[in-house]
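# Structural overview
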2 protein chains.
Amino acid sequence: MPRRDFAGQNCAIADTLGLVGERWTLMIIREILLGRRRFREIQRQTGVAPNILADRLQTLVDAEILRRVGDEPEYRPTRKAVDLQPVLLMLMEWGNKHVPREMGPPRAIYHAACEHEAHPYVVCDHCGEHLDPRETALRPGPGADEAQRADGTIPQPRAA
Amino acid sequence: MPRRDFAGQNCAIADTLGLVGERWTLMIIREILLGRRRFREIQRQTGVAPNILADRLQTLVDAEILRRVGDEPEYRPTRKAVDLQPVLLMLMEWGNKHVPREMGPPRAIYHAACEHEAHPYVVCDHCGEHLDPRETALRPGPGADEAQRADGTIPQPRAA
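First things first, this report covers the structure right here in the doc. Treat the numbers as computed from the prediction; the structure is a model and nothing was measured. (Residues numbered from 1 in each chain as written. Chains lettered and ligands numbered in written order. Predicted model: local features only at pLDDT ≥ 70, side-chain atom pairs only at ≥ 80, totals over all residues. Heavy atoms only, no water.)

### Examining the overall build of chain A
Across its full length, chain A carries seven helices and seven strands. Listing every helix and strand of chain A by position from the N terminus yields α-α-α-α-β-β-α-α-β-β-β-β-α-β. Overall, chain A is about 50 × 40 × 30 Å in size when its C-alpha atoms are taken along their principal axes. Within chain A, contacts between residues separated by at least 24 positions form 36% of all contacts whose residues are at least 6 apart in sequence. Accessible surface computed for chain A: about 7400 Å², of which carbon and sulfur atoms make up 47%. (Helix = DSSP H or I, 4+ residues; strand = E, 2+ residues; numbered from the N terminus. Contact = heavy atoms within 4.5 Å. Areas by Shrake-Rupley, 256 points an atom, 1.4 Å probe, with all protein chains shown as cover.)

Below you can see the structure in the form of structure tokens.
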């Protein structure tokens, strides 16, 4: 069962982390995106303890992020798993930038559409431009509670 | 101290999660991006236990993701913290899409540059087009180990 400490918050980030924010869960999603489908394979690749892996997979199946298929089960990604790919790509970018390795990045992202290596960044769907934190703010949404409404518009911080 | 179970892996995602993948850490970064700077404020907003918050903040300071400033300390974001913003935006997008709330999103992203609400997505820095998982693959990078080289090019999965 997922722990529910995050559930009392009126926050979409907390909602997501309530499902995939447990230790190891994003590593399991990584393996799924690398094409591993079986318990033993994921266990070997990550080194996670079997009882923890079983728990995390059950949470992901319950949340319909993975589908368990067959008697010797495969764990297959649903749309919800594929939609986590951008999160993992941005975690990978961050690691390559801020925890650099002497030999360079272990893996590269290849964009088949343009046949080039890609370094992803996030853009605004309205204008298509980079969502630079210096030009981005958080605002109360339609589901904001009273405290969030009182926060008003919060510009994103600059680096100190 | 960050736990080191992820450190033996030759993986940029593991490197990142080794620093920010503990339970609560990304919620603390969320608070920093919402402009909260003080221990009590972050504690009140997240509901995290004080001993856990102290541990996570120390990890973030050690990793130079936050700077601790002053006697009654403020925790200020460095470039490394600001560079985590895309991760948090994509976690927020995922939550709004897949864990929808009756009243709608609690918070909205505002792009000051074009003066519109933004729904972020990731693009390829080479061609500027959406990095659709169906057109994306992972390949061995310059720092790949033998097993990663043997993996070759791994297309990203489709939703089952």
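### Let's talk about the pattern of salt bridges
By the definition in use, this model includes 24 salt bridges over all chains. Glu31(A) is the salt-bridge partner of Arg30(A), the closest N and O atoms lying 2.8 Å from each other. The exposure classification of Arg30(A) matches that of Glu31(A), with both residues buried. For the salt bridge of Arg79(B) with Asp83(B), the shortest nitrogen-to-oxygen distance reads 3.2 Å. Looking at Asp83(B), the relative accessible area reads 17%, which means it is buried. (Salt bridge = Lys/Arg side-chain N within 4 Å of Asp/Glu carboxyl O. Buried < 20%, exposed > 50% of the residue type's maximum accessible area, 1.4 Å probe, protein only.)

### Focus on the environment of Gln156(B)
Positionally, Gln156(B) belongs in the segment after strand 7 (154-155). Spatially, the C-alpha atom of Gln156(B) lies 7.3 Å from that of Leu138(B), the residues being 18 residues apart in sequence. Polar contacts involving the side chain of Gln156(B) include one to the side chain of Gln85(A), which spans 3.1 Å. (Polar contact = N/O pair within 3.5 Å; in protein donor to acceptor, adjacent residues only side chain to side chain.)

### What to know about the sheet that holds strand 7 of chain B
Judged by pairing direction, the sheet is antiparallel, and its four strands sit side by side in the order 4(A)-3(A)-6(B)-7(B) without closing on themselves. Both edges of this open sheet fall to strand 4 (116-118) of chain A together with strand 7 of chain B, since each of them pairs with a single strand only. By the bridge criterion, three bridges tie strand 3 (residues 107-111) of chain A to strand 4 of chain A in an arrangement that is antiparallel. Bridge pairing links Ile109(A) to Ala118(A) in strand 4 of chain A. Against the sheet, helix 6 (residues 85-98) of chain A contacts strand 3 of chain A together with strand 6 (136-140) of chain B, and its axis sits at roughly 130° relative to strand 3 of chain A. (Pairing = 2+ DSSP bridges. Axes fitted to C-alpha atoms, helices over the stretch in contact; angles between N-to-C directions.)

### Some thoughts on helix 4 (residues 50-62) of chain A
All names here are of chain A. Over its 13 residues, helix 4 extends 18 Å from the first C-alpha to the last, a length consistent with the 18 Å expected when each residue adds 1.5 Å. Taken as a whole, helix 4 has its buried residues at Leu53, Arg56, Leu57, Thr59, Leu60 and Val61. On its buried face, helix 4 is in contact with helix 1 (12-20), helix 2 (25-33), helix 3 (39-46), strand 1 (66-69) and strand 2 (74-77). Immediately beyond the C-terminal end of helix 4, within one or two residues, lies glutamate 64, with a positive phi of roughly 60°. (Expected span 1.5 Å × (residues − 1).)

### Overview of the side chain of Lys80(A)
Secondary-structure assignment places Lys80(A) in helix 5 (residues 79-82). One buried charged residue, Lys80(A), remains without a salt bridge, the closest side chain of opposite sign being Glu64(A) at 4.0 Å. In contact with Lys80(A), not counting residues within four places along its chain, are Ala63(A), Glu64(A), Ile65(A), Trp94(B) and His98(B). (Lys, Arg positive; Asp, Glu negative; His and termini not counted.)

### Digging into the packing of aromatic side chains
According to the stated counting rule, one finds two aromatic pairs over all chains in the structure shown. Judged by centre distance (4.6 Å) and plane angle (80°), the ring pair of Phe6(A) and Trp24(B) falls under edge-to-face. With Phe6(A) in the segment before helix 1 and Trp24(B) in the loop between helix 1 (12-20) and helix 2 (25-33), this residue pair bridges two chains. With relative accessibility at 3%, the residue Phe6(A) sits in the buried group. Here the guanidinium or amino end of Arg23(B) rests over the ring plane of Phe6(A), the centre of that ring lying 4.5 Å away. Its end group placed over the ring of Tyr110(A), Arg139(B) keeps NZ or CZ at 3.7 Å from the ring centre. (Phe/Tyr/Trp six-rings, centres within 6.5 Å; stacked < 30°, edge-to-face > 60°. Lys NZ or Arg CZ within 6 Å of the ring centre and 35° of its normal.)

### Considering the interface of chain B and chain A
With 100 residues of chain B in contact, the opposing surface of chain A contributes 100 residues. When chain B packs against chain A, the two sides together hide about 9400 Å² of surface, and 63% of this comes from carbon and sulfur. Broken down residue by residue, the surface that chain B buries against chain A is led by Ile13(B), Arg23(B) and Trp94(B), which jointly contribute 8%. For the pair chain B and chain A, the number of links is 10 salt bridges. Here Arg23(B) makes a salt bridge to Glu22(A), at a shortest N to O gap of 3.0 Å. Here chain B and chain A share 48 residue pairs in polar contact (both at pLDDT 80 or more) between them. Top contributing element to the side of chain B that touches chain A by residue count: helix 6 (residues 85-98) of chain B, with 13 residues. Classifying every residue of the side of chain B that touches chain A gives 54 nonpolar, 23 polar and 23 charged. (Buried area = accessible area lost by both parts, 1.4 Å probe. Nonpolar A, V, L, I, M, F, W, Y, C, P; charged D, E, K, R; others polar.)

### What about the nonpolar core?
One finds Ile65(A), Leu66(A), Ile65(B) and Leu66(B) to be the most contacted residues of the largest nonpolar core, which totals 86 residues. Residue contacts for Leu66(A): discarding those within four places in its chain leaves Ile32(A), Leu57(A), Leu60(A), Val61(A), Tyr75(A), Arg76(A), Pro77(A), Thr78(A) and Ala81(A). (Core = buried A, V, L, I, M, F, W, Y, C linked by side-chain atoms within 4.5 Å.)

Purely geometric numbers; function is a separate question.
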